[in-house]
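Chain and residue survey
Here is how the chains run, residue by residue.
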Amino acid sequence: KVVQLMNFLRKIVSGKRNRLQTEKYDLDITYVTPRVCGMSFPASGFEKCYRNNINDVAAFLEEKHRDSYLIFNLSCRRYDYKKFKNMVKEYEWQDHHSPAMNVLFEVCQEMYSFLSKN
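Residues numbered from 1 in each chain as written. Predicted model: local features only at pLDDT ≥ 70, side-chain atom pairs only at ≥ 80, totals over all residues. Heavy atoms only, no water.

**Description of the pattern of salt bridges**
Pairing is possible between side chains of opposite charge, provided their charged atoms come close. Our working rule: By definition here, a salt bridge exists when the distance from a side-chain nitrogen of Lys or Arg to a carboxyl oxygen of Asp or Glu is within 4 Å. Helix and strand assignments follow DSSP, with helices taken as H or I runs no shorter than four residues and strands as E runs no shorter than two, numbered in order from the N terminus.
For the coordinates displayed, the defined rule picks out 8 salt bridges. Across the pair Asp67 and Lys85 runs a salt bridge whose closest N-O atoms are separated by 2.7 Å. On the criterion of sequence distance, the pair formed by Asp67 in the loop between helix H2 (54-65) and strand S7 (71-73) and Lys85 in the loop between S7 and strand S8 (88-90) is long-range, its members being 18 residues apart. Glu90 is the partner of Arg78 in a salt bridge, and the nearest nitrogen-oxygen pair spans 2.7 Å. One end of the pair, Arg78, is in the loop between S7 and S8; the other, Glu90, is in strand S8, and 12 residues separate them in sequence. Overlapping salt bridges bring together Lys24, Glu63 and Lys64 as one network.

**Brief notes about H2**
Basically, it comes down to this: A helix is expected to reach a length of 1.5 Å times the quantity of its residues less one. In this scheme, a residue with accessible area under 20% of its type's maximum is buried, one over 50% is exposed, and one in between is partly exposed, where area comes from a 1.4 Å probe on protein chains only. Our arc is simply the arc of the directions from the helix axis toward the C-beta atoms. Side-chain atoms alone can form a polar contact between residues adjacent in sequence; in general such a contact is a pair of N or O atoms within 3.5 Å, and within protein one must be able to donate a hydrogen while the other accepts it.
With 12 residues, H2 ought to run about 16 Å at 1.5 Å a step, and its terminal C-alpha atoms sit 16 Å apart, in line with that. For H2, the complete set of buried residues consists of Ile54, Val57, Ala58, Phe60 and Leu61. For H2, the arc enclosing every buried residue in end-on projection is 165°, short of the 170-degree limit, so these residues lie on one face. Looking at where H2 begins, the residue whose side-chain oxygen comes 2.8 Å from the main-chain nitrogen of Asn55 is Asn53. Where H2 ends, the next residue or the one after it, Arg66, has phi of about 45°, a positive value.

In structure tokens form, the structure reads like this:
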């Protein structure tokens, strides 16, 4: 019952966004291409009640992508990068705002570099 309630709250917070829903997961993650996806903030503490639970996100990425993923934290917030084997690049990108042009280019260049290697 608690899991159902938390998934219901997450769905409300997600609004009209697509959610990745399987037997094991109900996450605010959307695949843009087979190798690129976007997700909301991986939360812990009380915030995990209505956002992606960081442990669920880590389990999902490990199950589906093993050690072949790189997370781009485009928020001004930090979280426990060890959950993702420190495979996280951090960029200051204020929520609901456009990034500085140099930050946008850095992110695109890093993404291109990662995707080219793998």
